[in-house]
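Here are the chains, one letter per residue:
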Amino acid sequence: MGFHLVTFLLLASLRLTLTQDVEHGSIIVDGAQAIAENDDNFICATIDWWPQDKCDYNYCPWGNSSVINLDLSHPVLSKAIQALQPLRIRVGGSLQDQVLYEVGNLKSPCHPFQKMKGGLFGFSKGCLHMKRWDELNHFFHNTGAMITFGLNALLGRHQISHTVWGGDWDSTNAYDFINYTISKGYNIDSWEFGNELSGKGIGASVGAAQYGKDLIKLKKNLHTLYKNSKSKPSLIAPGGFYQKEWFDKLLQVSGSGVVNALSHHIYNLGPGSDEHLDMKILDPERLSKCGPNVSNTFVNSFWYLDQLGIASRYNTKVYCRQTLIGGNYGLLNTITFTPNPDYYRQVALLWHQLMGKSVLEASSDVFSPFLRTYAHCSKGSEGVTLLLINLSNQTHFILTVHERVTLSNVGNEVVKSIPKESSFFSHLKRAFSWVGTKGSDVSFREEYHLTPKDNYLRSQTMLLNGNPLELTDDGEFHWIQYTIV
């Protein structure tokens, strides 16, 4: 694949200081062969179960954003999902293993979540009424969302110790719920079993051998229930923290052909209450291994974009952001539904539109850990999209891009330089400069320069090529406008 068109995605870091280092270097992109591949619906976001009175760090950020009470009629919500088609929505979270489905021969009352001393995460069991399930599915259908639904994996078990649960999973309620879903013609792309019950768990844990046996049971139920259906949903597990021994045991017990995809969670920035969270986000060491007033601002995008880049490079198929709306870290504002910076920057109008699913090798002779480099085949057109992140406010990088070419007749590799066109150091005043050429078949290059409003890292307004990305007066989303060079 030649460099017929180079699309450049740039994220500018901290405001420039009066004295700044300049570092020259090269980036070599191997466009001949993909090193990994994402799914078409790589971008994913979660709708959680937390009620209004879920509070952390003396703050109650959830409002009416849960599966139970989210306003599905809000026009901005629909437009935000439609802009990302196909957006995968994961319905799940901490309380999913306490959800009862009001269908079939339910053995216990189906009441809303209530605060309860001694309850898992401080709450009682909750209820999903089928009327609400109907409303949700009509909404999912109308917005074109792909659904991964997290099932209650604790039902029927008993608490052995403080966090350890044992006993067989009671599949009856889930069976009736899935059967109802099929009878109504609702399209569920995948069913996920449990939330953060792997390893030591969060709040509760289940042994890997028992978990594997229960997955076999669930898989058999899915085969039975979907035997006459055209669609065959995937089975995903365990949706928890990765612990090698636990995951190995799970796969050994469940055997081949049971779990279609493994899912795991990461919290690599620590608690959202950390007053130094923005500095952690800009720390290359932390990124390589969210909270109030940070996760919904410009600075969080350094972390989020880098996570998308790293996950893609390691052949991750889907990356689910917690959350679409709700908490301190939603892509949308919990009250107004307007997009937070992360929605515009990484998901809807940049990553989703520019980064194709084929991941390319991009290497650099710049040894600074503050320069993060990722490359994908461009989405919907020939060419390469480069994502460059500068985490430093002390260094200005001037980069020359090269294409790696393999000579098939001799098996040797050569580096083909893309000659220098110009340096943007003098007039862009950004944290990056691009040096490249127009491809032989095109006469332009697209550039996307992202900065926070007023150079304030915690700004909730982002600028694309100097222009604020905000909703129009009638609630429509701005279409991304690039700079043509």
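Here, every reference points to the structure presented above.
Computed from a predicted structure; not experimentally measured. (Residues numbered from 1 in each chain as written. Predicted model: local features only at pLDDT ≥ 70, side-chain atom pairs only at ≥ 80, totals over all residues. Heavy atoms only, no water.)

Draft legend 1. Here's a closer look at the packing of aromatic side chains. Summed over the entire model, instances satisfying the criterion amount to 19 aromatic pairs. Lying across the ring of Trp 50, Lys 54 places its NZ or CZ 4.3 Å from the centre. (Phe/Tyr/Trp six-rings, centres within 6.5 Å; stacked < 30°, edge-to-face > 60°. Lys NZ or Arg CZ within 6 Å of the ring centre and 35° of its normal.)

Draft legend 2. The pattern of salt bridges, seen in detail. The tally for this structure, following the rule as stated, stands at 10 salt bridges. Here Lys 357 and Asp 40 are joined by a salt bridge, their closest N and O atoms 3.3 Å apart. For Asp 40, a relative accessible area of 56% corresponds to the exposed category. In this structure, Glu 192 and Arg 90 form a salt bridge, with 2.7 Å as the shortest nitrogen-oxygen distance. Of this pair, Glu 192 sits in strand β11 (residues 190-193) while Arg 90 sits in strand β5 (residues 88-91), and the two are 102 residues apart along the sequence. Here the two residues Glu 192 and Arg 90 agree in accessibility, since each one is buried. One salt-bridge network, in which partners are shared between bridges, spans Lys 131, Arg 132 and Glu 135. (Salt bridge = Lys/Arg side-chain N within 4 Å of Asp/Glu carboxyl O. Buried < 20%, exposed > 50% of the residue type's maximum accessible area, 1.4 Å probe, protein only. Helix = DSSP H or I, 4+ residues; strand = E, 2+ residues; numbered from the N terminus.)

Draft legend 3. Geometry of helix α3 (residues 172-183). For α3, built from 12 residues, the straight-helix expectation of 16 Å at 1.5 Å per residue is met to within 8% by its first-to-last C-alpha distance of 16 Å. Taken together, the buried positions of α3 are occupied by Asn 173, Ala 174, Asp 176, Phe 177, Ile 178, Tyr 180 and Thr 181. Taken from the residues just after α3, Gly 185 is the one with a positive phi, measuring 75°. (Expected span 1.5 Å × (residues − 1).)

Draft legend 4. A look at the pairing of β5. Taking every second residue as pointing to the same face, both faces of β5 are buried, with Arg 88 and Arg 90 on one and Ile 89 and Val 91 on the other. As defined by bridge partners, strand β4 (residues 43-47) adjoins β5 across four bridges and the pair is classed as parallel. In the sheet register, Thr 46 faces β5, and the bridge partner there is Arg 90. Read as a crossover between parallel neighbours, the route from β4 over helix α1 (residues 75-82) to β5 is right-handed. Across four bridges, β5 lies against strand β8 (residues 146-151) in parallel orientation. The residue of β8 that forms the bridge with Arg 90 is Thr 148. (Pairing = 2+ DSSP bridges. Right-handed = clockwise from strand over helix to strand, strands pointing away.)

Draft legend 5. Quick peek at the packing of helix α4 (residues 208-225) against helix α5 (residues 244-254). Following both chains from N to C, one finds α4 and α5 inclined at 40°, their axes separated by 8 Å at the closest point. Here α4 is positioned oblique relative to α5, judged by the angle of their axes. Crossing geometry of α4 relative to α5 is assigned as right-handed. Every residue of α5 that contacts α4 at Ala 208, Ala 209, Tyr 211, Gly 212, Lys 213, Leu 215 and Ile 216 is listed here: Trp 246, Lys 249, Leu 250, Val 253 and Ser 254. Here the contact of α4 with α5 is composed, by residue class, of eight nonpolar, two polar and two charged. (Axes fitted to C-alpha atoms, helices over the stretch in contact; angles between N-to-C directions. Parallel < 35°, antiparallel > 145°, perpendicular 65-115°, else oblique. Left-handed = near helix turned anticlockwise from the far one by under 90°. Contact = heavy atoms within 4.5 Å. Nonpolar A, V, L, I, M, F, W, Y, C, P; charged D, E, K, R; others polar.)

Draft legend 6. Expanded view of the sheet that holds β4. Pairing in this open sheet of seven strands is parallel, and the strands run β14-β13-β11-β8-β5-β4-β15 from one edge to the other. Every other strand in the sheet has two partners, leaving β14 (261-265) and β15 (319-321) as the edge strands with one partner each. Each neighbouring strand pair of the sheet contributes to a mean axis angle of 30°, computed without reference to strand direction. When strand β13 (residues 234-241) meets β14, the two strands line up parallel, connected through five bridges. Directly across from Phe 241, in β14, lies its bridge partner His 265. The strands that α3 touches are β8 and β11; relative to β8, the one it contacts most, it runs at about 160°.

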